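Architecture at a glance
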Amino acid sequence: FPGAETTDRNLLYEPCDILIPCAVERVITSENVNQVQAKIIVEGANCTMSPMAYEMLLKRDVLVVPDILVNCGSVCSSYFEWLKNMRHVSFGRLTFKYEREANEHLLNSVQTSIESLFNTDCPITPSPEFESKMSGASEKDFVNSGLSYTIEGTVDTVNQVRKSHGLGLDLRQACYVLAMSKIVTTYATAGYTFT
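Described in the following lines is the structure provided in the data block. If you're wondering where the values come from, they're calculated on a predicted model, not measured in any experiment. (Residues numbered from 1 in each chain as written. Predicted model: local features only at pLDDT ≥ 70, side-chain atom pairs only at ≥ 80, totals over all residues. Heavy atoms only, no water.)

**Some words on the side chain of Lys 84**
- Examined against the element boundaries, Lys 84 turns out to sit in helix H3 (residues 72-87).
- Setting aside its immediate chain neighbours within four residues, Lys 84 contacts Val 89, Ser 90, Phe 91 and Glu 139. (Helix = DSSP H or I, 4+ residues; strand = E, 2+ residues; numbered from the N terminus. Contact = heavy atoms within 4.5 Å.)

Here it is as C-alpha cells:
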C-alpha cells in the first residue's frame with residue numbers, strides 16, 4: 001500500500017477491525033487469544049485457531065468467520081472445473097450463439113420501438129461494455145457468476161441456521177449443523193435408513 005511502513009511488531013495483537021490469519025495453523029491459541037484485539041477474524045487458512053481459542057473469542061463477542069466457510073470458494077471452483085471436464089464441453093459453448101442473437105434482437109426491438117414512436121430513423125449501437133457482453137460470457141465469467149451465486153446462498157443459509165438454532169455468533173457450529181442436515185436429507189431421500 002502506498003505510504004505503508006514495515007514493522008517488526010506482531011500484527012496479530014494490534015487493534016484492528018478485521019484480522020485474517022493465513023497460511024499457518026493454530027496461530028491463535030488459548031495462550032495468546034487474550035492479546036488478539038480484532039473485532040472480526042476471518043480464517044484464511046485451515047485451523048488457524050485452537051478450539052479453546054475459538055470458544056474464548058465467542059465469549060468476547062468476536063465474530064469468527066470459519067475456515068470451512070471462507071475456503072469453500074476454492075472447493076466450488078474445483079467442482080465447476082470437474083463438471084466441465086466430465087462433460088468435455090466448456091462453459092458457454094452451448095449458449096454463445098443464442099445469447100448473441102438474443103441481445104441483437106433486443107437492440108433491434110428497442111430501435112424499432114423508438115423509430116415508430118418518433119417516426120424517424122434512430123440507429124442503436126451497443127456501448128463497448130454491452131458489445132463485450134453481447135458475445136456471451138467467458139469461462140471466467142461463468143465461474144465467477146456461479147461462485148458468487150453459490151457462496152452468497154451458502155452464507156445466507158448459514159446465517160439462517162445460526163439464527164434458527166440460537167447459535168449467536170457461532171458460524172462454525174452453524175456450518176456443521178447445515179452440513180449434517182444436508183447429509184441426513186440426502187440419506188432420507190435416497191432411501192437409506194439409520195441404524
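**Focus: helix H4 (residues 96-118)**
- A rise of 1.5 Å per residue sets the reference length of H4, with its 23 residues, at 33 Å; its end C-alpha atoms lie 34 Å apart and thus fit the reference within 8%.
- Within H4 the residues assigned to the buried category are Asn 103, Leu 107 and Gln 111.
- In this fold, the buried residues of H4 make contact with helix H5 (128-134).
- Positive phi shows up at Asn 119, right after H4, with a value of about 55°. (Expected span 1.5 Å × (residues − 1). Buried < 20%, exposed > 50% of the residue type's maximum accessible area, 1.4 Å probe, protein only.)

**Here we look at the packing of aromatic side chains**
- All told, the structure shown has 2 aromatic pairs when counted by the stated rule.
- Pairing Tyr 79 with Phe 80 gives two aromatic rings, centres 6.2 Å apart and planes at 50°, and the pair type is tilted.
- The class of Phe 80 is buried, set by a relative accessible area of 14%.
- Here the aromatic rings of Tyr 79 and Trp 82 are separated by 5.9 Å at their centres, their planes lie at 25°, and the arrangement is stacked. (Phe/Tyr/Trp six-rings, centres within 6.5 Å; stacked < 30°, edge-to-face > 60°.)

**As for the packing of H3 against helix H6 (residues 139-164)**
- Between H3 and H6, the shortest axis-to-axis distance is 10 Å and the interhelical angle comes to 130°. Our classification of the angle between H3 and H6 gives oblique. Read as a crossing pair, H3 and H6 show a hand that is right-handed. Every residue of H6 that contacts H3 at Cys 72, Gly 73, Cys 76, Ser 77, Phe 80, Glu 81 and Lys 84 is listed here: Glu 139, Val 143, Gly 146, Leu 147, Thr 150 and Ile 151.
- Looking at the contact of H3 with H6 residue by residue, the classes come out as 6 nonpolar, 4 polar and 3 charged. (Axes fitted to C-alpha atoms, helices over the stretch in contact; angles between N-to-C directions. Parallel < 35°, antiparallel > 145°, perpendicular 65-115°, else oblique. Left-handed = near helix turned anticlockwise from the far one by under 90°. Nonpolar A, V, L, I, M, F, W, Y, C, P; charged D, E, K, R; others polar.)

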